[in-house]
Amino acid sequence: MDRMNDIWRSLRSLPLWVQIWVVAILVPVNVLPFFVLDTPVGQAGAVAALVVLVTNGPLLWMYRGMNKILSIPHLIAWAPLEIYLLMLLTDSGFRAEAGDVELGLAVLLLTINGISLVFDVIDSAKWMAGDRATPGIPGGS
């Protein structure tokens, strides 16, 4: 139970806008693909979300919170997803065949994960440069 409390404390120690970004925007948007698994965008988004979940879950547990290392799996999963979504959205055949929900999800994922990737590049660079502290955890690294 202590570790769960540490993770919660770490999340709550982040600036309010970051908490809102993660909990109310980033996570919900990346859950949406699971509702349209019958589409290429849903399948690609779900695979990327699972990669992030499977890698970040253990890292979150190991570092007891919101460590900058959590940004690295985002780079690995979302950079290829972004490229794939851009390729789909620039394909007139895809745009003609895809429904409004799939097109909207592609644009939403591209936008939200693209914004996140900017933060992730910065956090990954900081982590690689030695910033290993876990916010909200005394001596947390």
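Everything in this summary refers to the structure shown in the same document.

What counts and what doesn't
Residues numbered from 1 in each chain as written. Predicted model: local features only at pLDDT ≥ 70, side-chain atom pairs only at ≥ 80, totals over all residues. Heavy atoms only, no water. Core = buried A, V, L, I, M, F, W, Y, C linked by side-chain atoms within 4.5 Å. Buried < 20%, exposed > 50% of the residue type's maximum accessible area, 1.4 Å probe, protein only. Helix = DSSP H or I, 4+ residues; strand = E, 2+ residues; numbered from the N terminus. Contact = heavy atoms within 4.5 Å. 1 Å grid on protein atoms, 1.4 Å probe; cavity = no way out; pocket = protein on both sides within 12 Å on 5 of 7 lines; lining within 4 Å. Points joined across faces, edges and corners; volume = space filled by probe spheres on them. Nonpolar A, V, L, I, M, F, W, Y, C, P; charged D, E, K, R; others polar. Axes fitted to C-alpha atoms, helices over the stretch in contact; angles between N-to-C directions. Parallel < 35°, antiparallel > 145°, perpendicular 65-115°, else oblique. Left-handed = near helix turned anticlockwise from the far one by under 90°. Expected span 1.5 Å × (residues − 1). Bend = angle between axes of the 7 residues up to and from the residue. Phe/Tyr/Trp six-rings, centres within 6.5 Å; stacked < 30°, edge-to-face > 60°.

### Comments concerning the nonpolar core
Next up, step 1: Formed by 26 residues in total, the largest nonpolar core has its most connected members in Val-41, Trp-78, Leu-85, Leu-89, Phe-94 and Leu-109.
Next up, step 2: No other element matches the seven residues that helix α6 (residues 100–128) contributes to this core.
Next up, step 3: Setting aside its immediate chain neighbours within four residues, Trp-78 contacts Leu-26, Asn-30, Ala-48, Val-52, Asn-113, Ser-116, Leu-117 and Asp-120.
Next up, step 4: Of all hydrophobic cores here, the second largest spans five residues; its members include Leu-59, Ile-69, Leu-70 and Trp-127.

### Looking at the layout of surface pockets
Next up, step 1: Here the largest pocket defines a volume of roughly 1000 Å³.
Next up, step 2: Around the largest pocket, the lining is made up of 36 residues, and of these Val-22, Leu-26, Met-66, Leu-70 and His-74 lie nearest the centre.
Next up, step 3: Elements that contribute at least two residues to the lining of the largest pocket include exactly α1 (2–13), α2 (16–31), α3 (40–63), α4 (71–89) and α6.
Next up, step 4: Among the elements that line the lining of the largest pocket, the one with the most residues is α2, at nine residues.
Next up, step 5: Across the lining of the largest pocket, the residue classes break down as 25 nonpolar, seven polar and four charged.

### Some thoughts on the packing of α2 against α6
Next up, step 1: For the pair α2 and α6, interaxial distance at closest approach is 10 Å and the crossing angle is 140 degrees. Comparing the axis directions of α2 and α6 gives the class oblique. Like other packed secondary-structure pairs, α2 and α6 cross with a definite hand, here left-handed. Where α2 abuts α6, its residues Trp-17, Trp-21, Ile-25, Leu-26, Val-29 and Asn-30 lie against Leu-108, Leu-109, Ile-112, Asn-113, Ile-115, Ser-116 and Phe-119.
Next up, step 2: Of the residues assigned to the contact of α2 with α6, the class counts are ten nonpolar, three polar and no charged.

### Let's talk about α4
Next up, step 1: End to end, α4 covers 26 Å across 19 residues, agreeing with the expected 27 Å (1.5 Å per residue, within 8%).
Next up, step 2: Taken as a whole, α4 carries its principal kink of about 30 degrees at Trp-78; the proline Pro-80 stands between one and four residues after it.
Next up, step 3: Inspection of α4 places Ser-71, Pro-73, His-74, Ala-77, Trp-78, Leu-81, Glu-82, Leu-85, Leu-88 and Leu-89 among the buried residues, and these make up the whole buried set.
Next up, step 4: Here the buried face of α4 lies against α2, α3, α5 (92–97) and α6.

### Regarding the environment of Ile-25
Next up, step 1: Position of Ile-25 relative to the elements: it lies in helix α2.
Next up, step 2: In contact with Ile-25, not counting residues within four places along its chain, are Ile-20 and Ile-112.

### Observations regarding the environment of Leu-81
Next up, step 1: Of note, Leu-81 is situated in helix α4.
Next up, step 2: Note: C-alpha distance between Leu-81 and Ala-24 (57 residues apart in sequence) is 21 Å.
Next up, step 3: Ignoring any residue separated from it by four or fewer positions in sequence, one finds Leu-81 in contact with Ala-44, Gly-45, Ala-48 and Asn-113.

### Quick word on α6
Next up, step 1: Between the first and last C-alpha of α6 there are 40 Å, a value that for 29 residues agrees with the 42 Å anticipated at 1.5 Å per step.
Next up, step 2: Positive phi appears at Gly-130, one or two residues downstream of α6, with a value of about 115 degrees.

### Things to note about the packing of aromatic side chains
Next up, step 1: Inspection of the entire model under this criterion finds two aromatic pairs.
Next up, step 2: A centroid spacing of 5.7 Å and a plane angle of 50 degrees characterise the contact between Trp-17 and Phe-119, whose relative ring orientation is tilted. Here Trp-17, found in helix α2, pairs with Phe-119, found in helix α6; they are 102 residues apart in sequence, far enough to count as distant.
Next up, step 3: For Trp-17, a relative accessible area of 52% gives the class exposed.
Next up, step 4: Ring plane angle 75 degrees and centroid distance 6.3 Å describe the contact between Trp-21 and Phe-119, whose orientation is recorded as edge-to-face. One end of the pair, Trp-21, is in helix α2; the other, Phe-119, is in helix α6, and 98 residues separate them in sequence.
Next up, step 5: A relative accessible area of 12% means that Trp-21 is categorised as buried.
Next up, step 6: In this structure Phe-119 comes out as partly exposed when scored by relative accessible area, which is 34%.
Next up, step 7: Connected via pairs of aromatic rings, a cluster forms that spans Trp-17, Trp-21 and Phe-119.

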